[in-house]
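# Descriptive structure summary
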Amino acid sequence: GVCVFTAEGGGGAYVAHPFNFYVFPDASSKDHSSTITMSADTAGFLRGHGMDWSKWIDKGIPFTTLAAWGRAVEAAKAPKEERGQGNNRRMSINRETDVAFLREQMGRVR
């Protein structure tokens, strides 16, 4: 996850705004980084603590290994006509409070 801190008042106090993300191995990777291994105890612990398995699998942000990332960087440097079509997955922010916070922060950046 990520935690953004904003100053509150002039007394040096800050407010924390944590955001948690589900990550899931990138299935398009050609190496073994897309393999998931977990013990039954781990699955039970996660289930008991509210793990949303559907969100993790269906909407998880894809991640990959450093080696696969390096290959992707090299492919991106290739001329446009040599590049293949990539797998672009987008993340959606749906909670009203998150949308408002993101708008405010983007306004500060611009």
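Residues numbered from 1 in each chain as written. Predicted model: local features only at pLDDT ≥ 70, side-chain atom pairs only at ≥ 80, totals over all residues. Heavy atoms only, no water.

### Quick word on the overall build of the protein chain
Regarding its fold elements, the protein chain presents 4 helices and 4 strands. Scanning the protein chain from its N terminus toward the C terminus, one meets helices and strands in the order β-β-β-α-α-β-α-α. Per-residue burial over the protein chain gives 14% buried out of 110 residues. Counting contacts in the protein chain only where the partners sit at least 6 residues apart, residues at least 24 apart contribute 50% of the total. Accessible surface computed for the protein chain: about 9300 Å², of which carbon and sulfur atoms make up 55%. (Helix = DSSP H or I, 4+ residues; strand = E, 2+ residues; numbered from the N terminus. Buried < 20%, exposed > 50% of the residue type's maximum accessible area, 1.4 Å probe, protein only. Contact = heavy atoms within 4.5 Å. Areas by Shrake-Rupley, 256 points an atom, 1.4 Å probe, with all protein chains shown as cover.)

### Considerations on the side chain of Asp98
Turning to its location among the elements, Asp98 is positioned in helix α4 (residues 96-109). Judged by its relative accessible area of 14%, Asp98 is buried. Other than its neighbours up to four places away in sequence, Asp98 contacts Phe19 and Ile93.

### Topic: the packing of aromatic side chains
With the rule as written, the count across this model stands at 3 aromatic pairs. Taken together, a centroid distance of 5.0 Å and an interplanar angle of 80° make the contact between Phe24 and Trp56 edge-to-face. Of this pair, Phe24 sits in strand β3 (residues 23-25) while Trp56 sits in helix α2 (residues 53-59), and the two are 32 residues apart along the sequence. In this pair, the class of Phe24 matches that of Trp56, namely buried. (Phe/Tyr/Trp six-rings, centres within 6.5 Å; stacked < 30°, edge-to-face > 60°.)

### Section: the pairing of strand β2 (residues 13-19)
Of the strand pairs in this sheet, strand β1 (residues 2-8) and β2 are connected by 7 bridges, and their pairing is antiparallel. Among the inter-strand pairings, Val4 is bridged to a residue of β2, identified as His17. Between β1 and β2, which follow one another and run antiparallel, lie 4 residues, and Gly9 among them has a positive phi close to 70°. (Pairing = 2+ DSSP bridges.)

### Some words on the pattern of salt bridges
Per the stated rule, a full pass over the model turns up 3 salt bridges. A salt bridge links Arg95 to Asp98; the nearest nitrogen and oxygen atoms lie 3.1 Å apart. For Arg95, a relative accessible area of 54% puts it in the exposed group. Where Glu104 meets Arg108, a salt bridge forms, and the shortest distance between an N and an O atom there is 2.9 Å. Within this pair, Glu104 and its partner Arg108 are both found in helix α4, separated by 4 residues, close to a single helical turn. In this structure Glu104 comes out as partly exposed when scored by relative accessible area, which is 40%. (Salt bridge = Lys/Arg side-chain N within 4 Å of Asp/Glu carboxyl O.)

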